[in-house]
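The chain contents come next:
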Amino acid sequence: MRFSPLLCALALTWCATPAHSQTLALPGYSGLLNVPSADVLRLPSLEFAFSNHYPVEIAGNPLFKPGQNYLVGVGMLPGIELTGRLSEYPRRVPREPPLNVGVRDLSGSFKWQLPLERWLGRDTRIALGSADYSGGARFFRADYVVGSQRLGPVDVTLGFGAGPQRMDGLIGGVSIQLPAGFLVLVDHDAAVTSAGLRWASPVLTRLNDARVVATLSQRGSARGASARTEFQLALQVPLSSRMQAPTARVSRIARGESTELKSEWDEAPATVSTEVSAAPARMAVTALAPVAAAEPALVTPEAPVAQRFTPGPLAARALPAAATRQQRAAQVTAALARRGFSCVRVGHSGEQLVVELHNQRYNRSVLDALGVAIGEASRLADRDDRELVLTLLNNRVPVVTVVTQPEAWRQYLQFADVPPPPRLFARFGEPGRARNVQWVSGGAADGLFGPPCEGGLWGGFAITPYQRTFVGNEVATASLAAGLNLQPVVHFGRGLAATADAFLPLYASAQFEEGGGFERFRPRGGLQTALMNWTVAPSRQVINQLSVGRVRAGPVGVANETMSQLDLPGNPWARLRIGAFRDDKLDRDYFYAVAGVQQQPRLLPGAVVELSYGQWWQGDRGVSLEVTRWFGDVSVQLFARRTGVTVAGLNLSVPLVPRRELTPGRLFVRGAEQFQVGQGTTVASQGEANPVLVDVAVLPRFTYGLQRTMFDYGRLSGEAIAHGTERMRDAWLRLAAEP
């Protein structure tokens, strides 16, 4: 048989195409053209789409003309897909406001793929779903159950739907996978038959392995609607970051294994290019091997990542030999200061190397700061330092204390095939160091731009964007007000800090202007908050913050927040927030008291669940549930709040700062560690009013709150540190180069 490079290329491209229907269909759920499949969006991923979809239930009405659809879908939990849809179909004959809206609908859908793979295999899937399940105006309401069967390049879907206007009856379709990323689709949604073509691009490595998906559909005529050609353009963005586990790939190469690595996002094998792919295998190294009589090898992070994982000792950076533990401790202090840490103190307590430091540079994640600090302290520790006790502080208040073994970390940093250190545990809200620490070295204040160590004021300010949006209502398709928050902070030490938040408006759409529908919701420029905050850890596993001053551009009063770790399975945190404020201008008093529990479920790594109940800022009483899933430094949050009315929605948070910022001194400037955008809607029954609400179960925003300054936005925990060794090693390899 003659060898054909073209046929081989087509075969590889065929295999590299994504799953048949793990992308959004035209109505806003994953599937074929108009019919849902039993697949769900990839985990974890976001998908954004735009289409000119004109459903027959609207197209058959002569009052409305074609419009557009905006879709967003998220896969954040195993087997669960959540999507949002904004549809707008204007009136053919304009009318006076507010009757000129036509159809403008904001809807949500969800789908659950039943966990039956163990019994049915991967090719047979069954899913339950609901479209347009919230809101008083449910134009596209439908519930359904579908099953899909994969037969080689063919995927068959069959199911049953129940909807007042659409998908009411037997539904189904077929997709056939072709080479070069193309897919032929035919489906019937109980009312109309459609046929089309879909194309998925190869992964775009410059966009974190994103994909572009284009769909072209020809719909038949039904219910008074004529045949129509429709299109959709979508962007699939995986939320998992290749940064999180680069060493795992290099580790396999360093052990002489195959360079064909399976990616969770791409079904095709991905080839990893590296200069050390032919490196010989190395015998396993025991993490707690005894230290040789010679000085420990000094591991340098400046070399390329692949080079640092070559088997055997790495090239050491030339440093003067240390004859004593004291000289080694001085080297640790100097190295940590060069990496941008402030207030570094290093000492000894028996066989322990004790380190205290402040972090104002590695602000995306506490794991980055811990990784750089532990890596530097471990590689320079003396052979008599059997244990490292490192405490990360914020304004002299202990955030977390990590205890580990320097030699184990040295081996972990030096060799790709060494497992993480077996002893790694953390304590919160207490120094955690041994008594009788003999401090060897510690920085001192050194000018205006020197490290803020012993005494004196120090601080800076953050510049963060702010936006308020309303979409899919009678006022406008989308309304936006945007600006910048300027957030200065001055640290006085011992947990005392002064903070403020000033808003600089930059843009507001016409709906926020005087006489517009959202005039009362327009963010006003000027000073919003001015607070004096005192953070203290009064006892083990308890952190408290007291704030006095002005909030929400007017009310003045006092607020207190307490976090306490409970001795219960999973080590949840109890959270109590109390505040009392007075607004003389409005002659109104505000009082809130909210108690809650926050936990990171062990069965769902990267997730933070918080359940709260109490009286909120506006005096409403009720419950709030937030489920946040972290994918690296990006988070997706689902929320539901009920205080007389029910509001539900989704928030997306992304970092706007690099993993390593500029070296801070007494003055520092930074961006937003997390910038959050989202959308919520009132959950109403069919025919009920669906008002725009913004103050359901809300509290004042504290830019210096415990969640930000002490808990890394809720994701800092012992479990997170124990499972974060890969990122910590990655942080040392990538970020511990000379500033």
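Being a predicted model, the structure only gives us computed values, none of them experimental.

Within soluble globular proteins, side chains that are nonpolar tend to cluster in buried spots. In this structure, Phe341, Leu357, Leu370, Val400 and Ile721 are the most contacted members of the largest nonpolar core, which totals 48 residues. Among the elements that take part in this core, helix H7 (residues 366-380) stands out by supplying nine residues, more than any other. If we ignore the near neighbours within four places in the chain, the residues touching phenylalanine 341 are Leu336, Leu357, His358, Asn359, Tyr362, Ala369, Val372 and Ala373. Judged by nonpolar contacts, the second largest core, of 14 residues, contains Phe581, Tyr592, Trp617 and Phe639.

With that settled, consider the packing of aromatic side chains. For the structure on display, the rule yields 16 aromatic pairs. For the ring pair tyrosine 466 and phenylalanine 503, a centre distance of 5.5 Å and an interplane angle of 85° mean the geometry is edge-to-face. Taken together, the positions of tyrosine 466 in strand E21 (residues 458-471) and phenylalanine 503 in strand E23 (residues 496-508) put the pair 37 residues apart, joining distant regions of the chain. Summarising the aromatic geometry, the rings of tyrosine 590 and tryptophan 617 are spaced 4.3 Å apart at their centres and angled 10° between planes, so their arrangement reads as stacked. With tyrosine 590 in strand E28 (residues 588-599) and tryptophan 617 in the loop between strand E29 (607-615) and strand E30 (621-631), the pair connects residues that are 27 residues apart, well separated along the chain.

What follows covers the pairing of strand E4 (residues 103-113). Where strand E3 (residues 80-89) meets E4, 10 bridges bridge the pair, whose relative direction is antiparallel. Paired with glutamate 88 across the two strands is arginine 104, which belongs to E4. When E4 meets strand E5 (residues 124-131), the two strands line up antiparallel, connected through five bridges. When the sheet's bridge partners are listed, phenylalanine 110 is paired in E5 with serine 130.

To continue, consider the pattern of salt bridges. Under the criterion given, the structure shown has 36 salt bridges. Residue arginine 125 is joined to aspartate 155 by a salt bridge in which the shortest nitrogen-to-oxygen separation is 3.1 Å. Remark: aspartate 155 occurs in strand E7 (residues 154-162) and arginine 125 occurs in strand E5; sequence separation between them is 30 residues. The same class applies to arginine 125 as to aspartate 155, namely buried. With a shortest N-O distance of 2.9 Å, glutamate 376 and arginine 339 are connected by a salt bridge. Here glutamate 376 is found in helix H7, whereas its partner arginine 339 is found in the loop between helix H6 (325-338) and strand E15 (342-349), with 37 residues between them in sequence. Using a relative accessible area of 0% as the deciding quantity, one classes arginine 339 as buried. Among the charged side chains, a salt-bridge network with shared partners connects Arg364, Asp368, Asp633, Arg659, Asp712, Arg715, Arg727, Asp730 and Arg734.

For the rest of this paragraph, the subject is unusual backbone geometry. With an omega dihedral of -5°, the bond running from leucine 43 to proline 44 counts as a cis peptide bond. Of note in the backbone geometry, cysteine 343 takes a positive phi value of approximately 55° without being a glycine. Locating cysteine 343 in the fold gives a position in strand E15. Even without glycine at this site, alanine 553 takes up a positive phi of about 60°.

Ordered by their spatial adjacency, 12 strands build a closed barrel running E1-E2-E3-E4-E5-E6-E7-E8-E9-E10-E11-E12, and the pairing between neighbours is antiparallel. Ignoring which end each strand starts from, the neighbouring axes of this sheet average 20° apart. One ladder, built from seven bridges, connects strand E1 (residues 45-51) with strand E2 (residues 68-77); its direction is antiparallel. In the sheet register, leucine 46 faces E2, and the bridge partner there is valine 74.

All right, on to the pairing of strand E25 (residues 542-550) then. Relative to E25, strand E24 (residues 526-539) runs antiparallel, the two being bridged by eight bridges. Looking at E25, one finds that serine 539 is bridged to valine 542. The antiparallel hairpin formed by E24 and E25 contains two residues in its connecting segment, where glutamine 541 sits at a positive phi of about 65°. Bridge count between E25 and strand E26 (residues 556-565): nine bridges; the pairing is antiparallel. By the bridge assignment for E26, asparagine 544 is matched with threonine 562. The antiparallel hairpin formed by E25 and E26 contains five residues in its connecting segment, where arginine 552 sits at a positive phi of about 50°.

Before going further, it helps to examine the packing of H7 against helix H8 (residues 406-414). Direction vectors running N to C along H7 and H8 enclose 105°, while the axes themselves pass 8 Å from each other. Accordingly, the angle class assigned to the pair H7 and H8 is roughly perpendicular. Contacts between H7 and H8 involve Ile374, Gly375, Ser378 and Arg379 from the former and Pro406, Trp409, Arg410 and Leu413 from the latter. Grouping the constituent residues of the contact of H7 with H8 by class yields four nonpolar, two polar and two charged.

Definitions and limits used
Residues numbered from 1 in each chain as written. Predicted model: local features only at pLDDT ≥ 70, side-chain atom pairs only at ≥ 80, totals over all residues. Heavy atoms only, no water. Core = buried A, V, L, I, M, F, W, Y, C linked by side-chain atoms within 4.5 Å. Buried < 20%, exposed > 50% of the residue type's maximum accessible area, 1.4 Å probe, protein only. Helix = DSSP H or I, 4+ residues; strand = E, 2+ residues; numbered from the N terminus. Contact = heavy atoms within 4.5 Å. Phe/Tyr/Trp six-rings, centres within 6.5 Å; stacked < 30°, edge-to-face > 60°. Pairing = 2+ DSSP bridges. Salt bridge = Lys/Arg side-chain N within 4 Å of Asp/Glu carboxyl O. Axes fitted to C-alpha atoms, helices over the stretch in contact; angles between N-to-C directions. Parallel < 35°, antiparallel > 145°, perpendicular 65-115°, else oblique. Nonpolar A, V, L, I, M, F, W, Y, C, P; charged D, E, K, R; others polar.

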